[in-house]
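Read off the chains here:
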Amino acid sequence: VETWNIYVADAAAGSGPKFVTTGYSPLFMPDESILVLNKSGLVRYVEDESGEWTGLPVIPVSNGVAETNMKLDISDDGSLLAWSDIDNGELYLLRTVPREDPVVGFGFEAVFTWRAAGFWPVISPDNRYLAFEEVNSADDLTGQRLVVFELQTGEKQVLADLTPYHQEALYVTDWLEN
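Structure report, in brief. Every value quoted in this text rests on a predicted model; they were computed, and no experiment measured them.

Side note on unusual backbone geometry
Part 1 of the argument: Positioned with a positive phi, W120 is a non-glycine residue whose angle comes to about 55 degrees.
Part 2 of the argument: Here W120 shows up in strand β10 (residues 118–123).
Part 3 of the argument: In this structure W120 comes out as partly exposed when scored by relative accessible area, which is 24%.
Part 4 of the argument: The backbone of N127 shows a phi angle near 60 degrees, a positive value even though the residue is not glycine.
Part 5 of the argument: Along the chain, N127 turns up in the loop between β10 and β11 (129–134).

As structure tokens, this is what we get:
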């Protein structure tokens, strides 16, 4: 499994980069912890008073291996997590729930699971929509299109045909407001 070295730096304080862990798809949570996919699943990294980072397991992956083609997005308010798993042809929407454990502090519960082969899920700022790049299947990365799910109903709408573009050069990264 390919991994990235994940570092953080406090630009305002002028501190240099500090190693956190290896993994991929790092996301900052509203509480300044970091969610990272690593070989065992989704892990939350928290920084202690001394500046050291500690990993707290949140969700193990079902087959025991997280893959670099799994992509994540956390909603702006930290209440929803979108997770694409193209190898299994599924896209998950999870809700943040509090946990009794004061160290981990939260977990996730399933909201929706869609049968969809896709990459780059992005939750809208108002938590009403989930956009992502969909392809025909994990074995057939053609037919690429921009898709939006309405989160209340789970209704899917294709917004744009992206077949003129090379699939590996496409990224859905954020929402723009009109």
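Having put the structure on the table, let's press on.
A word on the nonpolar core
In summary, soluble globular proteins display a tendency toward joint burial of nonpolar side chains.
Part 1 of the argument: Ranked by internal contacts, the top residues of the largest apolar core, which has 18 residues, are L35, L42, L81, W83 and F108.
Part 2 of the argument: When sequence neighbours within four positions are dropped, the list of residues in contact with W83 reads L37, L42, I59, V61, M70, K71, L72, E90, L91, Y92, L94 and P121.
Part 3 of the argument: Counting residues in hydrophobic clusters, the runner-up holds 12 residues, among them L93, I123, V147 and L151.

How each quantity is defined
- Residues numbered from 1 in each chain as written.
- Predicted model: local features only at pLDDT ≥ 70, side-chain atom pairs only at ≥ 80, totals over all residues.
- Heavy atoms only, no water.
- Helix = DSSP H or I, 4+ residues; strand = E, 2+ residues; numbered from the N terminus.
- Buried < 20%, exposed > 50% of the residue type's maximum accessible area, 1.4 Å probe, protein only.
- Core = buried A, V, L, I, M, F, W, Y, C linked by side-chain atoms within 4.5 Å.
- Contact = heavy atoms within 4.5 Å.

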